Amino acid sequence: MRLNRVAVLEFPHLGIPWLFEPFRDRYIQELKLKNFEYKLFPHIEKALEQALGGPEYFRVGTWETAPYLHHINFECLLDEKNKPLTVPPHGEYKVPPNAKKIAILLLAGHSFCHDGVRPTGHTQIRIRHLKILGYEVAQIIRDDWYHIPYHSRKNGLQKQVRYLQRKILKIGQHGDGKNKKSTLSGNGSWRKKFCQKY
């Protein structure tokens with residue numbers, strides 16, 4: 001399946017068909033059993049509501065709408081002024097002119113190599129394919145997410161909101177390329193220690 005997906009998305013001039021659509025439902029059921037990223041990010045929806053201005057400005061990704069079975073945890077839209085746009089909770093929708101589709105990915109420890117900094121090849125391919133499909137990608141890293149409340153339990157939610165705004169809205173301003181360093185690197189020592197523990 002992965003080879004077919006790479007051929008379809010990265011070599012469209014070859015005209016290779018997507019062969020897994022007939023098996024989509026069965027494959028989705030298998031993937032749902034393995035999808036545990038969401039539970040590793042407590043209060044993510046509550047923080048997203050505050051970061052974007054309300055629940056109508058994002059939607060929770062489902063396997064049924066996953067493009068070429070690349071799962072997106074959350075999805076939002078930003079207009080040309082970097083303001084959130086309402087997103088229908090289900091089904092396909094038309095993207096307004098000049099609007100940017102943002103795929104919000106929750107990346108746990110298994111999304112990174114042993115050093116806890118470099119993303120695995122599968123993670124890099126997933127991000128590259130979403131960009132080919134017209135998304136800009138905001139990466140919410142579990143280690144960072146868990147690290148926020150330890151510095152300020154009282155203001156943990158506010159810090160989580162600012163973290164999400166920095167990740168999402170800066171991508172809307174500058175595109176994903178200039179944000180690459182901040183989303184794929186960081187304090188390697190504590191991140192490596194965290195990944196080894198979990």
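Residues numbered from 1 in each chain as written. Predicted model: local features only at pLDDT ≥ 70, side-chain atom pairs only at ≥ 80, totals over all residues. Heavy atoms only, no water.

Draft legend 1. Fine view of the environment of R59. Position of R59 among the secondary structure elements: in strand 1 (residues 58-60). R59 gets classed as buried once you look at its relative accessible area, which sits at 8%. Through-space distance from the C-alpha of R59 to that of N73 is 8.6 Å; in sequence the pair is 14 residues apart. If we skip the residues at most four places from it in the chain, R59 touches N73, F74, E75, V87, P88, P89, H90, G91 and Y93. (Helix = DSSP H or I, 4+ residues; strand = E, 2+ residues; numbered from the N terminus. Buried < 20%, exposed > 50% of the residue type's maximum accessible area, 1.4 Å probe, protein only. Contact = heavy atoms within 4.5 Å.)

Draft legend 2. How the structure looks around helix 3 (residues 44-52). Among the residues of helix 3, I44, A47, L48, A51 and L52 are the ones counted as buried. All buried residues of helix 3 fall inside an arc of 115° around its axis, so they share one side. Once helix 3 finishes, G53 follows within two positions and takes phi at roughly 105°, a positive value. (Arc of directions from axis to C-beta.)

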